[in-house]
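Next come the chains, spelled out residue by residue.
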Amino acid sequence: MSRNSRRISVIDSHTGGEPTRVVIGGAPDIGGGSIKQRLPGFLDHADFLRPALLGEPRGFEAMVGALLCDSERQECISGVIFFNNSGLLNSCLHGTIGLVKTLEFTGRITFGEHCIETPVGVVTATLNPDGSVTVANVPSYRYRPAVAVEVPGWGEVLGDIAWGGNWFFLVEGFGPELSPENIAGLSEFTLAVMNALEVSGITGEDGSRIDHVEVFGRPPDKSSDSRNFVMCPGGEYDRSPCGTGTSAKLACLYASGKLEAGATWRQSSILGTVFDGRVEPLEGNRVIPYVTGRAWVNGESEILLDPDDPFALGITRQ
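These figures come from a predicted structure and were not determined experimentally.

Basis of the calculations
Residues numbered from 1 in each chain as written. Predicted model: local features only at pLDDT ≥ 70, side-chain atom pairs only at ≥ 80, totals over all residues. Heavy atoms only, no water. Helix = DSSP H or I, 4+ residues; strand = E, 2+ residues; numbered from the N terminus. Rg over C-alpha atoms; globule rule 2.2 N^0.38 Å. Contact = heavy atoms within 4.5 Å. Expected span 1.5 Å × (residues − 1). Buried < 20%, exposed > 50% of the residue type's maximum accessible area, 1.4 Å probe, protein only. Core = buried A, V, L, I, M, F, W, Y, C linked by side-chain atoms within 4.5 Å.

(A) Examining the overall build of the chain more closely. Assigned secondary structure in the chain consists of five helices and 17 strands. Its C-alpha radius of gyration of 19 Å places the chain within 12% of the 20 Å reference for a compact globule of 318 residues. Considering only C-alpha atoms, the chain reaches an extent of 60 × 45 × 35 Å along its principal axes. Counting only contacts in the chain whose residues sit at least 6 apart along the sequence, the fraction spanning at least 24 positions is 61%.

Okay, structure coming up:
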């Protein structure tokens, strides 16, 4: 090991099977301001953390990273920037749940409500006495229902476009059967849909790329109301039920009159893990989704980036 090795302190967790690696020390300075204002500083000075921490040989493609930041907002316990193998993420609720359990693990918080600043706004996370975490997400809504897109090899596919902290295309009744045995086929289908949306110029309300595709079907058992499969930017599926995706689904259900305010909707992942969700209505068709899930801290380590290591910044795949 070189004396000039950079040391990055991280804490690992998983939320319903989906991993989160929280950077708690050793990251470069990315400047001040709001968390959104710090994103360019991350890209300029800390973007090497993505391949170095999430790629091989230290991580794997499905891992989500979270840079723990101080927040300049007095009401917030911290700020956070989420990232994955493809770039920065607007928001990440499974990562927020993992972050809360990380803050508990490090002794920074105990049970109760805690505000966290994200690039898309402040979310309130409650660490419950039973160890679960409930996140009150940013306002979410269905933008367009029953949008048709022509997908090569699959024909016309219908889906709702909705915002839950990220832009989603929510599909039901199309594609392979939702089962763990079909993960490869579901990955192929959802990536084809994502590419078709981009080619067709179908976007979110602000012209943003729809970078998540979520497929729904019957639940695996009576413990949930639905099973989903979520494809994330970067080409990896979400092992959890996806918090921002559950938020988008809740908004669509409410807009369709299929979910009453305060009623619980239980969303199962392709692996069978479950998030509980409910909504609080706002003006218009917007809602505040409340998503409850569980995370477990499963690692604490110091990552060494040795300048003599040819893969110090990860293995780049061409």
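(B) Structural detail: helix H5 (residues 243-255). Between its first and last C-alpha, H5 extends 18 Å over 13 residues, near the 18 Å set by a 1.5 Å rise per residue. With 11 of 13 residues buried, H5 is to be regarded as a mostly interior element. Burial in H5 covers these residues: Gly243, Thr244, Gly245, Thr246, Ser247, Ala248, Lys249, Leu250, Ala251, Cys252 and Leu253. After H5 finishes, the residue Gly257 shows a positive phi value of roughly 75°.

(C) Structural detail: the nonpolar core. The biggest cluster of nonpolar side chains holds 58 residues, and the ones touching the most others in it are Val149, Phe169, Leu197 and Phe229. The biggest single contributor to this core is helix H4 (residues 183-200), with eight residues. Counting 19 residues, the second-largest nonpolar core is a separate cluster that includes Ala46, Cys69, Ile303 and Leu305.

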